[in-house]
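# Tertiary structure, described
Here are the chains, one letter per residue:
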Amino acid sequence: SRMTYSQLVEWYYTKKAKETNRIIPNQPKFDEIQRRRRLTYVGGYVKEPEAGIHENLAVIDFASLYPTIIATYNISTETLNCQCCKDDGYRVPGLLYWFCKKKQGFESEIIKELLFRRWKLKKKLKELPKGSHEYVVLNAKQLALKTVANSLHPDELVVLMDPNERVKLMKIGEFVDKFVKYKNKNGYEYGIPHGFKALCFDGFNLCFRKINRCIRHKCSSRMYKLVLASGRSVRVTEDHSVFTFVDGNIVPVAVSELKAGDYIVVPKKLSYNVKTIKSINLLEELERIDKELIKDLLVEIPCKGKYRLVLLNRLRILEALRKSDMFIKDISRASGLSVSAVSKHLKRLEKLKYVKLLRHTNGRKIYSITESGIKHMLFLKVFLKFAHYHFNPNKRGVYLIPFEKLKGVHKYAENVSSWKVGPINGVRIPVVLKVTPQLMRFLGYYVSEGHSRMFKNRNGGMSYDITLFNNRRKILEDMFECARSLSLNPVMKNRYVKISNKMAYILIEILKCGKNSYEKKVPWIVFSSPNELKNEFLKAYFLGDGHVLKERIIFFTTASKFLVNGLTLLLQQMGIKGIRISKEKNYYRIKVLESLPFVKVKNAERRVTPFVIPGFLIKNFLKDLGNREAYRKFGYAKRYCVSWRKFREFVNYYESLRGYSPELRKIFALNHGDLALDKIKEKKLIDSVDYVYDLSVEGTENFVGGLGLVCLHNSSYGYYAFPASKWYSKECAESTAAWGRYWIKKIESEAEENGFKVIYIDTDSCFIKLGNKTKEDILKFLEETNKKLPGIMRIDLEDFYVRGIFIPRGIAPGTAKKRYALLDEKGYLKIRGLEKVRRDWSELAKRTQEKVLRLILEKKDLKGAISYVREVIQKLKKLDVNLRDLVIYEQITKPLEEYKQISPHVIAARKLLNYGIPVGPGSVIGFVITKGSGSISQRAEPVEFVDLKSVDVDYYITNQVLPAALRVLRVLGVDEKQLLTPSGLDRFFT
Ligand SMILES: [Zn+2]
């Protein structure tokens with residue numbers, strides 16, 4: 001494809017430029033790339049096809065049209081509008097540009113070289129049998145894309161949002177390693193982390209965007225550590241880019257080009273709204289943690305009245321309705337329950353949406369089971385089979401079910417809010433964990449001064465406990481209260497609160513708080529809580545790890561890098577910008593230069609925040625003013641930084657003399673956004689690692705990572721995406737397309753002059769009707785034309801075709817550009833854009849279409865085609881078909897939960913899951929649409945569990961056979977009615 005080709009060219013340019021000691025153009029600026037993306041210019045020439053059947057065709061096409069144009073007309077940035085060829089250069093048709101005839105352009109020379117190589121490889125390929133080992137190797141060479149990705153140290157932390165919209169900090173290496181699946185020849189490995197997003201910036205604000213790819217490759221270049229004035233740091237390879245601010249724009253810059261004293265872009269606040277989570281269903285969370293831990297857990301369900309009997313009767317009713325929709329009377333008969341009992345249950349079941357009232361017939365009600373009703377049956381079966389009544393002399397009795405049995409089905413239960421979970425002889429806590437101030441403080445205490453462990457006890461079993469340390473009575477009391485509010489059974493001692501039960505240990509595991517001091521983390525739930533609750537967490541955390549220095553600076557000490565980043569992010573979410581990080585011997589210190597809601601510091605508002613305007617940004621404006629007063633007032637800014645307040649003063653002063661300045665205003669815009677500039681304090685060479693890592697983030701190609709958070713560029717981007725190409729030139733691209741249009745139109749008019757009829761053109765290929773001309777005529781025409789074509793441009797015969805049918809846009813719905821079918825002399829059918837429009841064709845639909853095409857193109861038998869379709873429909877009605885031919889295959893491409901649009905293959909996949917068959921991304925689902933009520937999707941059944949009799953014949957007629965046939969036949973004047981009316985003969989027999 002053209003995209004791949006442009007990528008290859010970009011790489012080749014870079015390589016050649018390095019070899020020949022040429023200057024490689026700088027990476028395009030961020031907004032430049034954005035601008036390029038918006039640019040559109042006229043592309044290739046398309047002549048809409050003449051609808052219908054055409055005979056005796058020749059298809060001719062240009063060999064590599066655009067590259068040969070670039071090579072032929074010397075199209076390069078340095079040859080564009082040269083001085084020496086003003087009057088006699090290569091003039092671009094219809095445009096005001098020209099290209100040099102005297103000096104060879106760099107890019108066009110490279111293109112030529114690449115073309116020759118490619119042609120040589122292709123020639124060799126033609127001689128090899130397809131699929132042979134040599135063929136595969138050569139083809140890979142032809143397509144090879146050398147990657148020049150440069151990346152991050154594996155231990156650097158990145159800020160991610162998982163598929164459940166939870167904010168998580170992870171080491172990039174661990175994250176990427178989990179997903180890497182594919183590998184190319186250059187040792188470039190990648191994977192697709194479905195559903196994950198990364199924190200990145202767009203414009204001047206931070207947001208979370210989809211990660212398209214995560215990448216890992218062997219590190220082959222030097223690695224640097226950048227340390228910033230605020231204490232942030234990041235380790236990257238030398239060619240990796242970070243961002244800087246130039247002329248009001250954020251621009252990527254390679255680390256190799258940076259030095260101490262330069263400024264780079266970092267986050268200063270996070271205004272992005274993370275979705276608030278008010279409660280957590282522990283049953284769902286338990287499914288995600290270590291299997292060993294949950295083995296012995298039981299779910300406790302309160303016993304209300306004759307609960308078991310109620311559920312049993314409910315199951316009987318649903319089982320009856322599962323077979324077919326029914327009147328109450330029939331349900332009563334099928335379930336063995338009285339009519340009044342049935343109607344009582346139905347009322348409840350309807351309220352819960354497990355059944356629905358379908359319609360009244362003669363005053364009687366017909367009920368039908370719903371999708372969630374079918375699922376609810378799964379829960380009922382598990383409950384009735386595995387729940388044991390547990391008598392408790394002190395309390396009312398309860399039912400206990402092993403959690404393992406409820407896995408996957410608890411979500412189909414009616415109401416879990418009264419349930420509890422825990423081990424048989426231990427503390428059981430409510431299944432629904434509400435996010436409360438007490439929970440937040442409990443987590444804050446744990447993260448600062450907590451310890452959790454699992455150990456073998458004297459009896460050989462496992463014991464679990466959590467200890468929260470503190471010296472102050474008041475704090476110990478609060479720790480105790482918080483733990484008690486979570487039903488955790490704490491015990492208070494002189495210097496600590498101890499919670500010796502498994503559920504406390506599991507809670508810490510679920511919320512990912514970390515076990516030892518190096519791994520402690522801000523639990524994900526904190527990022528998803530409102531500010532008041534974040535504050536509760538921070539307050540409790542501060543009571544443990546926090547201090548106030550000289551009544552001026554708040555600081556936290558921790559040994560965990562995760563906590564450094566987590567706290568930075570949390571504080572930024574709360575709008576606190578004044579954060580500095582320093583590393584002492586074995587721990588980090590996070591200084592907060594502003595007041596926090598629960599602890600005020602002196603002079604916070606008067607103190608200069610760490611993010612100020614670097615002097616270099618206003619240096620040129622000062623120079624421009626050049627007056628003594630300006631230097632007296634603002635001159636120090638040349639060497640130092642100015643505060644925002646002082647900067648505003650400067651803008652007022654400057655604009656009063658020079659008028660409105662958009663450049664200065666852009667610095668204002670930066671101030672209002674989420675980003676700031678931080679100065680590089682030190683850049684040092686560090687030891688290299690085996691592998692380095694990178695993320696490709698949709699739309700922005702940047703992400704936030706490193707200690708204390710820094711904005712990072714996905715550097716492989718510049719080499720792949722065309723708008724970001726270093727050699728990108730709108731003029732060159734426009735000129736290439738213009739010449740392309742010029743030449744294909746020229747071919748068109750010359751062909752017509754020579755007595756051929758051109759019926760269809762698309763960019764570089766031309767479909768010609770020979771009429772009374774011969775094959776020799778067209779070959780002669782090509783020979784003559786090739787003599788006239790300039791440079792290395794060449795047009796070839798693609799093939800001759802006996803007959804073809806063309807379907808213009810508008811007749812057949814769908815978006816495919818090219819829609820035609822051609823029959824060559826050997827009887828091979830070349831179909832384009834007809835079968836591909838819909839992925840969900842069954843074999844029957846495909847075969848019908850192909851047979852129709854063959855009857856029309858081979859036999860010119862329209863009547864035969866029509867009666868063939870009728871025959872297929874009749875056979876289908878009589879079920880005289882093979883079930884295999886009705887199966888529709890589609891692939892699952894992401895985890896099932898992520899599908900928003902519930903299409904048939906997703907429904908079928910879920911049904912497979914319910915049957916206990918594992919299904920996930922990559923599984924190809926074969927399904928059949930069956931009879932019954934509900935939408936088409938709901939009626940999709942996995943083929944493994946279907947027999948021919950349950951197939952919805954009408955669906956296959958109207959949604960498969962008819963559209964497949966009409967796509968071709970409509971252009972010949974056939975409509976649906978003609979295909980559906982049985983022929984005279986059929987009528988005679990029925
Ligand atoms: Zn020239």
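Given the structure is predicted, the values throughout are model-derived calculations rather than measurements.

Basis of the calculations
Here the residue index of a chain counts from 1 through its sequence in written order. It should be noted that, the model being predicted, local features are given only for residues of pLDDT at least 70 and side-chain atom pairs only at 80 or more, the latter also being counted only at that level, while totals for whole chains, interfaces and linings use all residues. Side-chain descriptors were evaluated using all non-hydrogen atoms of the structure, hydrogens and water having been removed beforehand. Only DSSP runs of H or I covering at least 4 residues are called helices, and only runs of E covering at least 2 are called strands; the numbering of each starts at the N terminus. Buried residues are those whose accessible area, probed at 1.4 Å on protein chains only, stays under 20% of the maximum for their type, while exposed residues exceed 50% and partly exposed ones sit between those limits. Any two residues whose heavy atoms approach within 4.5 Å at even a single point are treated as in contact. Computed with a 1.4 Å probe, the accessible areas rest on the Shrake-Rupley method; for each residue, only the protein chains presented here act as cover. Given a helix with a known number of residues, its expected span is that number minus one, times 1.5 Å. We call two N or O atoms a polar contact when they sit within 3.5 Å, provided that within protein one can donate a hydrogen and the other can accept it, with sequence-adjacent residues counted only if both atoms are side-chain atoms. Angles shown run from 0 to 180 degrees and are taken between the N-to-C directions of axes, each axis being a line fitted to C-alpha atoms and, for helices, limited to the stretch in contact. Note on terminology: angles under 35 degrees are roughly parallel, angles over 145 are roughly antiparallel, angles of 65 to 115 are roughly perpendicular, and the others are oblique. Working rule for handedness: look at the near helix, and if it is turned counterclockwise from the far one by less than a right angle, call the crossing left-handed; if clockwise, right-handed. Residues are grouped as follows: Ala, Val, Leu, Ile, Met, Phe, Trp, Tyr, Cys and Pro are nonpolar; Asp, Glu, Lys and Arg are charged; every other residue, Gly included, is polar. Any two strands with at least two DSSP bridges between them are considered paired. For Na, K and Ca the donor cutoff is 3.2 Å, while for all other metals N, O and S atoms count as donors only within 2.8 Å; water does not appear among the atoms, so some sites may look incomplete. Tetrahedral means four donors with every angle between 85 and 135 degrees, whereas square planar (four donors) and octahedral (six donors) require angles over 155 degrees between opposite donors and between 65 and 115 for all others; sites fitting neither are termed irregular. Think of a nonpolar core as a cluster: buried Ala, Val, Leu, Ile, Met, Phe, Trp, Tyr and Cys residues, connected wherever their side-chain atoms sit within 4.5 Å. The criterion for an aromatic pair is that two Phe, Tyr or Trp rings (for Trp, the six-membered ring) have centres within 6.5 Å, with stacked assigned to planes under 30 degrees apart, edge-to-face to planes over 60 apart and tilted to the rest. A ring is considered to have a charge above it if a Lys NZ or an Arg CZ atom is located within 6 Å of its centre and within 35 degrees of its normal. Here, a salt bridge means any side-chain nitrogen of Lys or Arg that lies within 4 Å of a carboxyl oxygen of Asp or Glu. Exposure above 30% relative accessible area and the lack of any salt bridge qualify a residue for a patch; like charges then connect within 9 Å, and the nonpolar side chains Val, Leu, Ile, Met, Phe, Trp and Tyr within 5 Å. The predictor attaches a confidence to each residue, called pLDDT, with possible values from 0 through 100.

### Some words on the overall build of the chain
- Per the secondary structure count, the chain includes 32 helices and 47 strands.
- A burial count over the chain gives 53% of its 990 residues as buried.
- Counting only contacts in the chain whose residues sit at least 6 apart along the sequence, the fraction spanning at least 24 positions is 67%.
- Carbon and sulfur atoms form 50% of the exposed surface of the chain, whose accessible area is close to 47,800 Å².

### Regarding helix H22 (residues 644-658)
- Counted at 1.5 Å a residue, the expected span for H22 with its 15 residues is 21 Å, and the 20 Å between its end C-alpha atoms agrees.
- Along H22, the residues classified as buried are Trp644, Phe647, Phe650, Val651, Tyr653, Tyr654 and Glu655.
- Directly beyond the C-terminal end of H22, a positive phi value near 85° is found at Gly659.

### Topic: the side chain of Thr79
- On the secondary structure map, Thr79 appears in the loop between helix H3 (65-72) and strand S3 (90-91).
- A polar side-chain atom of Thr79 sits 2.7 Å from the main-chain carbonyl oxygen of Asn74.
- Not counting the four nearest positions on each side in its chain, Thr79 is found in contact with Asn74, Trp98, Phe99, Cys100, Lys103, Gln104 and Gly105.

### Observations concerning the packing of helix H14 (residues 437-449) against helix H18 (residues 531-545)
- Where H14 meets H18, the axes come as close as 7 Å, and the angle between the chain directions of the two elements is 30°. Between H14 and H18, the angle is such that the two are roughly parallel. For the element pair H14 and H18, the recorded crossing hand is right-handed. In this structure, H14 uses Pro437, Met440, Arg441, Leu443, Gly444, Tyr445, Val447, Ser448 and Glu449 to contact H18, whose residues at the interface are Leu533, Glu536, Phe537, Ala540, Tyr541, Leu543, Gly544 and Asp545.
- Among the residues making up the contact of H14 with H18, the classes are represented as ten nonpolar, three polar and four charged.

### Here's the deal with the pairing of strand S22 (residues 398-402)
- By the criterion of burial, S22 is predominantly enclosed, with four of the five residues buried.
- Where strand S17 (residues 297-302) meets S22, five bridges bridge the pair, whose relative direction is antiparallel. Residue pairing in the sheet places Leu298 in a bridge with Pro402 of S22.
- Where strand S21 (residues 388-390) meets S22, three bridges bridge the pair, whose relative direction is antiparallel. Across the sheet, residue His388 finds its bridge partner in S22, namely Leu400.

### So, the coordination of the zinc ion
- The zinc ion binds to the protein through Cys82 (SG), Cys84 (SG), Cys85 (SG) and Cys100 (SG), with metal-donor distances spanning 2.1 to 2.4 Å.
- One way to put it: the four donor atoms around the zinc ion meet at angles of 102 to 117°, and that makes the site tetrahedral.
- Sequence spacing of the donor residues for the zinc ion, all on one chain, is C-x1-C-C-x14-C. With Cys84 in the loop between H3 and S3 and Cys100 in the loop between strand S4 (98-99) and helix H4 (106-127), the pair connects residues that are 16 residues apart, well separated along the chain.

### Thoughts on unusual backbone geometry
- Residues other than glycine seldom take positive phi values, yet Leu709 does so here, at roughly 75°.
- The residue Leu709 is located in the loop between strand S38 (702-705) and strand S39 (710-713) in this model.

### Some remarks on helix H25 (residues 730-753)
- Across its 24 residues, H25 extends 35 Å between first and last C-alpha, which sits within 8% of the 34 Å expected from 1.5 Å per residue.
- Following H25 by one or two positions, Gly755 has its phi on the positive side, about 90°.

### Here we look at the nonpolar core
- The biggest cluster of nonpolar side chains holds 153 residues, and the ones touching the most others in it are Leu286, Phe383, Trp419, Phe442, Leu511, Ile525 and Phe647.
- Setting aside residues no more than four positions away along its own chain, Ile525 makes contact with Ile277, Ile280, Val435, Met440, Leu443 and Leu511.
- Core analysis: the next-biggest nonpolar cluster, separate from the first, contains 53 residues, Ala909, Leu962, Leu966 and Val974 among them.

### With respect to the packing of aromatic side chains
- One pass over the structure, following the stated rule, counts 34 aromatic pairs.
- Residues Phe208 and Tyr272 carry aromatic rings whose centres are separated by 5.2 Å and whose planes lie at 65° to one another, so their mutual orientation is edge-to-face. One end of the pair, Phe208, is in strand S10 (residues 205-218); the other, Tyr272, is in the loop between strand S15 (263-267) and strand S16 (279-281), and 64 residues separate them in sequence.
- Both rings, one in Tyr955 and one in Tyr956, keep their centres 5.1 Å apart while their planes meet at 90°; by these two values the pair is edge-to-face.
- With relative accessibility at 8%, the residue Tyr955 sits in the buried group.
- A cation over a ring is seen here: Arg166 above Trp524, with NZ or CZ 3.8 Å from the ring centre.

### A look at the pattern of salt bridges
- According to the stated counting rule, one finds 42 salt bridges in the structure shown.
- In this structure, the salt-bridge partner of Asp624 is Arg658, at a minimum N-O distance of 3.3 Å. Taken together, the residues Asp624 in helix H20 (residues 616-625) and Arg658 in helix H22 connect sequence positions 34 residues apart.
- Judged by relative accessible area, Asp624 falls into the partly exposed class, the value being 35%.
- The salt bridge partner of Asp885 is Arg847, with a shortest N-O separation of 3.0 Å. Residue Asp885 is found in the loop between helix H28 (862-877) and strand S45 (888-891), and its partner Arg847 is found in helix H27 (residues 843-859); the two are separated by 38 residues along the sequence.
- The class of Asp885 is buried, set by a relative accessible area of 13%.

### Observations concerning the packing of helix H10 (residues 328-335) against helix H11 (residues 339-351)
- It is at 9 Å that the axes of H10 and H11 come closest, and there the two elements cross at 110°. As far as their axial angle goes, H11 and H10 are roughly perpendicular. Taking contact as the criterion, the partners of Ile328, Ile331, Ser332 and Ser335 in H10 are, on H11, Val339, Val342, Ser343 and Leu346.

### Observations regarding the sheet that holds strand S18 (residues 326-327)
- Read from one edge of the open sheet, three strands run S18-S20-S19, paired in antiparallel fashion. Among the strands making up the open sheet, the edge pair consists of S18 and strand S19 (355-361).
- Pairing between S18 and strand S20 (residues 364-369): two bridges, direction antiparallel. Directly across from Met326, in S20, lies its bridge partner Tyr367.

### Observations regarding a nonpolar patch on the surface
- There is a patch of nonpolar side chains on the surface, built from Tyr915, Ile917 and Phe945 and spanning about 260 Å² of accessible area.
- Following the sequence through the fold, Phe945 ends up in the loop between strand S47 (940-942) and helix H30 (953-969).

### Concerning the side chain of Thr785
- Looking at the secondary structure, you find Thr785 in helix H26 (residues 775-788).
- A distance of 2.6 Å separates a polar side-chain atom of Thr785 from the backbone oxygen of Phe781.
- Setting aside chain neighbours within four positions, we find Thr785 in contact with Ile747 and Ile795.

### Remarks on the pairing of strand S42 (residues 795-806)
- Sheet analysis places strand S2 (residues 52-62) next to S42, joined by ten bridges and oriented antiparallel. When the bridges of S42 are listed, Asp61 appears paired with Asp796.
- With five bridges joining them, S42 and strand S43 (residues 820-824) adopt antiparallel strand pairing. When the sheet's bridge partners are listed, Tyr801 is paired in S43 with Asp824.

### Focus: the confidence of the model for the chain
- In this model, the chain carries an average pLDDT of 83, and 87% of its residues clear a pLDDT of 70 or more.
- Counting contacts from residues 1-7, a segment whose pLDDT is below 50, to residues more than four positions away or on other chains yields 16 contacts.
- Below a pLDDT of 50 lies the segment residues 140-150, which in the model reaches 31 contacts outside its immediate sequence neighbourhood of four places, other chains included.

### What to know about the sheet that holds S15
- One open sheet accounts for four strands, arranged S12-S11-S36-S15; its pairing is antiparallel. Strand pairing shows two members of the sheet lacking a second neighbour, strand S12 (233-237) and S15, which therefore form its edges. Across the sheet, the axes of successive neighbouring strands diverge by a mean angle of 45°, strand direction being ignored.
- In this sheet, strand S36 (residues 675-686) lies alongside S15 in antiparallel orientation, the contact comprising five bridges. Note that in S36 the partner of Ile264 across the bridge is Asp678.

### Focus on the environment of Asn754
- By the secondary structure assignment, Asn754 is in the loop between H25 and strand S40 (757-762).
- The spacing of Asn754 and Lys773 is 19 residues in sequence and 9.5 Å in space, taken between C-alpha atoms.
- Asn754 has contacts with Lys773 and Phe781, leaving out every residue within four places of it along the chain.
- Here the side chain of Asn754 touches Glu750 through a polar contact of 2.8 Å, landing on its backbone oxygen.

### So, the environment of Gly578
- The residue Gly578 is located in the loop between helix H19 (561-573) and strand S32 (579-583) in this model.
- You can call Gly578 buried: its relative accessible area is 0%.
- For the pair Gly578 and Lys591, spaced 13 residues apart in sequence, the C-alpha separation works out to 8.0 Å.

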